[in-house]
Number of protein chains: 2
Amino acid sequence: MALPNHDLTARGEGSAGDVLGTYLRAQATAFLRGLRLHEEWGSPRPESGGGADAAQSSGAARSLRGAARRISCSLATFRGVTESSWADGLRTELVWLSSTLADEHAYAARLTRLLDALHRLSGSPEVPAPRGAAGALTVGSARAGALLERQLTLARTRAHSATLQALGSSRFHAVADAVAVLASEVPLDPVAARGRVDEVLVPLADVAHTRLAAAVSALPHAGESQPYNAEHDGSWHEVRRLLRVHRYAREALGEDVARLAAAGEALDRHRDASEAAAASATAARTPRIAPATAYALGVLHADQRHEVEAARFTFQDLWQPVPAAAP
Amino acid sequence: MALPNHDLTARGEGSAGDVLGTYLRAQATAFLRGLRLHEEWGSPRPESGGGADAAQSSGAARSLRGAARRISCSLATFRGVTESSWADGLRTELVWLSSTLADEHAYAARLTRLLDALHRLSGSPEVPAPRGAAGALTVGSARAGALLERQLTLARTRAHSATLQALGSSRFHAVADAVAVLASEVPLDPVAARGRVDEVLVPLADVAHTRLAAAVSALPHAGESQPYNAEHDGSWHEVRRLLRVHRYAREALGEDVARLAAAGEALDRHRDASEAAAASATAARTPRIAPATAYALGVLHADQRHEVEAARFTFQDLWQPVPAAAP
């Protein structure tokens, strides 16, 4: 992680503006490419199922979201190196866009995660149900799966409509125009942009690192937390957000972020399992469901909370030993 | 484990009959003392709750069961060193007695385990219920607890009656008389008993070890098993039984069995969690329960199945590296 692999920083060349500008232009280009692909492959309706087109489309949407996040995080971390009022405006719009785009994907992924878990929990159908456990689960898990599918597909359809509406809005076209400008020219602060990378960008990136480190050290110890209690999830989601900001700052500096990406994946799994557990609890409060359905949802909830715990341990393993302070 | 601490074997003195006789007489004495204490403190009715008397009484019952198990396992392992027909008869009766005595304890322990888990799962009452999860659990866990309490207290009361009936039976008095004889004189096979410990007892103990090692190596790998699937529990319960036989054989030879006792505790936890998970699944099939109750029982079931998994990992950790072949 301490080895810079970016040409400019590796050779110690380039001003802060050069390095940040190169990164932002590259991300703006990725955004526009993602957008073009997304328009080309269309946005399949949730009920159309997954085919090659759906895979292409969701890949395009993913790279669109990734580029939007990288631009908005960089504009936050390195705000003072850019024209600040422009940066603040674009950042707000990109946060709106990426959260709108994320919703549909999140509902689809959540449903897949829950149905996969139900399938795993109820065991393979060839195996005769052993005493008690699996038998009761098999009864309820089909109905629990149908209930979750109904609820999450409805949510996903709503998110799909919201995405289509957003992509057709003048607000979106203004964002796309701003990113198109960014792809050729980054509005920079003339003084800060002329500074050296290690005097201008590195201290700003270090601020992001310090915030992350503080949030990580404030996390409750894994052993202390109650697996089924979602009380601490918020602090973990905040660490996930700060890790992303930190990771993209290091990426902009041309550093190797493989370890940070792996730690981020653990926190993504943490978030996904936490949301899936909540979706299972919500489904269990549907009026007039059969006890067997509620039972299966309870098992599913506990299973996902255990995935939450496992993701926390994975993160702690990847995070320890605490990395040396930024170079 | 390889260091004998028994006086006779440590000095290499004593025949097979001396060593086995000393062990069996000591266990018979422990049995009679446990029986006397049990009669003295009485057998409290399940609804009388736990006080000092109940603790004394259950301690007495525990030592009574432990001595009965040690005698019956030793009579099986070292059958050829004793008068075989006598050994077979007494062993059958002791197995009957210890399984009868174990039932009441098992139901009480299972209820405690399940209520503790429910308490843990629904979180501490001071903490306001966070989004979804804990809220739904709190609703159902009180009712789930009441349902389990009703079902397991009923089972325990039946087991209590069965114990009282057994302790008052002529069958029991015959066992107690046989153990009283054993406390002063062990019926041995005159030829085998004169043999050396390492030529007679050690090879028989090694057979118990070989059986255990074969059963352990036949266990499915921990990673392969499905946590919610009770299908493999039987193989683990069999390992638990064989580990006990092995442990008592080593104990009779005067060896240190601390490691075996710790591994046995992990398997006890495995069995307890497996039975508790099954009890939760059974309770969830009670007709006309509320969905919230079924949901809490589902969470509880999954929690106990995770304890099953954890106990398997603990056992594997304690068991590896595979101990060297018996000395």
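The structure under discussion appears in the preceding block.
Residues numbered from 1 in each chain as written. Chains lettered and ligands numbered in written order. Predicted model: local features only at pLDDT ≥ 70, side-chain atom pairs only at ≥ 80, totals over all residues. Heavy atoms only, no water.

Draft legend 1. Seen up close, the overall build of chain A. Counting its secondary structure elements, chain A contains eleven helices and zero strands. What you see in chain A, going N to C, is helices and strands ordered as α-α-α-α-α-α-α-α-α-α-α. Counting all 327 residues of chain A, 51% fall into the buried class. In chain A, of all internal contacts separated by at least 6 residues, the share reaching a separation of at least 24 is 83%. Within the structure as shown, chain A displays about 14,700 Å² of accessible surface, and the carbon and sulfur contribution to it stands at 55%. (Helix = DSSP H or I, 4+ residues; strand = E, 2+ residues; numbered from the N terminus. Buried < 20%, exposed > 50% of the residue type's maximum accessible area, 1.4 Å probe, protein only. Contact = heavy atoms within 4.5 Å. Areas by Shrake-Rupley, 256 points an atom, 1.4 Å probe, with all protein chains shown as cover.)

Draft legend 2. Just the nonpolar core, in detail. Residues and elements named next belong to chain B. Counting residues in hydrophobic clusters, the biggest one holds 45 residues, and the most contacted among them are Phe31, Ile71, Val81 and Leu201. Listed by contribution, the elements that provide at least two residues to this core are α2 (16–41), α3 (52–77), α4 (84–121), α5 (133–167), α6 (170–184), α7 (190–193), α8 (197–217) and α9 (233–252). The dominant element in this core, judged by the number of residues it contributes, is α2, at nine residues. With residues up to four places along the chain from it excluded, the contact list for Val81 reads Ala16, Leu20, Leu188, Asp189, Ala192, Ala193, Val200, Leu201 and Leu204. (Core = buried A, V, L, I, M, F, W, Y, C linked by side-chain atoms within 4.5 Å.)

Draft legend 3. Main features of the environment of Phe78(A). Its location among the elements puts Phe78(A) in the loop between α3 (52–77) and α4 (84–121). Taking the C-alpha atoms as reference points, Phe78(A) and Ala205(A), 127 residues apart in sequence, are found 7.6 Å from one another.

Draft legend 4. The arrangement of the packing of aromatic side chains in detail. The final tally for this structure, using the stated rule, is four aromatic pairs over all chains. Each ring, one from Trp236(A) and one from Phe315(A), has its centre 5.8 Å from the other, and the planes form 85°; the classification is edge-to-face. Taken together, the residues Trp236(A) in helix α9 (residues 233–252) and Phe315(A) in helix α11 (residues 291–319) connect sequence positions 79 residues apart. Trp236(A) sits in the buried class, given a relative accessible area of 1%. Through a chain of ring-to-ring contacts, the aromatic side chains of Trp236(A), Phe315(A) and Trp319(A) assemble into a single cluster. One residue, Arg171(B), lies across the ring of Trp96(B), its end atom 4.1 Å from the ring centre. Residue placement shows Arg259(B) over the ring face of Trp319(B); its charged tip is 5.5 Å from the ring centre. (Phe/Tyr/Trp six-rings, centres within 6.5 Å; stacked < 30°, edge-to-face > 60°. Lys NZ or Arg CZ within 6 Å of the ring centre and 35° of its normal.)

Draft legend 5. Molecular detail of the pattern of salt bridges. Under the counting rule described, the total for this entry stands at 32 salt bridges over all chains. Put simply, Glu255(A) and Arg250(A) hold a salt bridge, and the shortest N to O gap is 3.4 Å. Note on Glu255(A): relative accessible area 9%, which makes it buried. For Asp198(B), the salt bridge is made with Arg196(B), and the minimal N-O distance between the two is 2.6 Å. Exposure remark for Asp198(B): the relative accessible area of 42% places this residue in the partly exposed category. Of the residues examined, Arg196(B) reaches a relative accessible area of 48% and is grouped as partly exposed. Salt bridges sharing partners connect three or more residues here, namely Asp233(A), Arg305(A), Glu309(A) and Arg312(A). (Salt bridge = Lys/Arg side-chain N within 4 Å of Asp/Glu carboxyl O.)

Draft legend 6. Up close: unusual backbone geometry. All names here are of chain A. Here Arg288, not a glycine, exhibits a phi torsion of approximately 65°, which is positive. Assignment of secondary structure puts Arg288 in the loop between α10 (258–284) and α11. On the basis of relative accessibility, which here comes to 80%, the residue Arg288 falls in the exposed class.

Draft legend 7. Geometry of the side chain of Gln304(B). With respect to the helices, strands and loops of the structure, Gln304(B) is situated in helix α11 (residues 291–319). Excluding residues that lie within four positions of it along the chain, Gln304(B) makes contacts with Arg113(B), Leu114(B), Ala117(B), Arg120(B), Ala273(B), Ala276(B) and Ala277(B).

Draft legend 8. Structural context of the packing of α9(A) against α11(A). Residue and element names in this part refer to chain A. Contact geometry of α9 with α11 gives a least axis separation of 12 Å together with a crossing angle of 45°. For the element pair α9 / α11, the angle class is oblique. Seen from above, α9 lies across α11 with left-handed handedness. Between α9 and α11, the contacting residues are Asp233, Trp236, Val239 and Leu243 on the first element and Arg305, Val308, Arg312, Phe315, Gln316 and Trp319 on the second. Grouping the amino acids of the contact of α9 with α11 by side-chain chemistry returns six nonpolar, one polar and three charged. (Axes fitted to C-alpha atoms, helices over the stretch in contact; angles between N-to-C directions. Parallel < 35°, antiparallel > 145°, perpendicular 65-115°, else oblique. Left-handed = near helix turned anticlockwise from the far one by under 90°. Nonpolar A, V, L, I, M, F, W, Y, C, P; charged D, E, K, R; others polar.)

Draft legend 9. View of the packing of α2(B) against α6(B). All names here are of chain B. Relative orientation of the contacting elements α2 and α6 amounts to 135°, with a least axis distance of 8 Å. When the axes of α2 and α6 are compared, the pair comes out oblique. Crossing angle aside, the handedness with which α2 passes α6 is left-handed. Between α2 and α6, the contacting residues are Leu24, Arg25, Ala28, Thr29, Phe31, Leu32 and Leu35 on the first element and Phe172, Ala176, Val179, Ala180, Leu182, Ala183 and Ser184 on the second. The residue makeup of the contact of α2 with α6, split by class, is eleven nonpolar, two polar and one charged.

Draft legend 10. How the structure looks around the environment of Ser161(B). In this structure, Ser161(B) sits in helix α5. For Ser161(B), a relative accessible area of 40% puts it in the partly exposed group.

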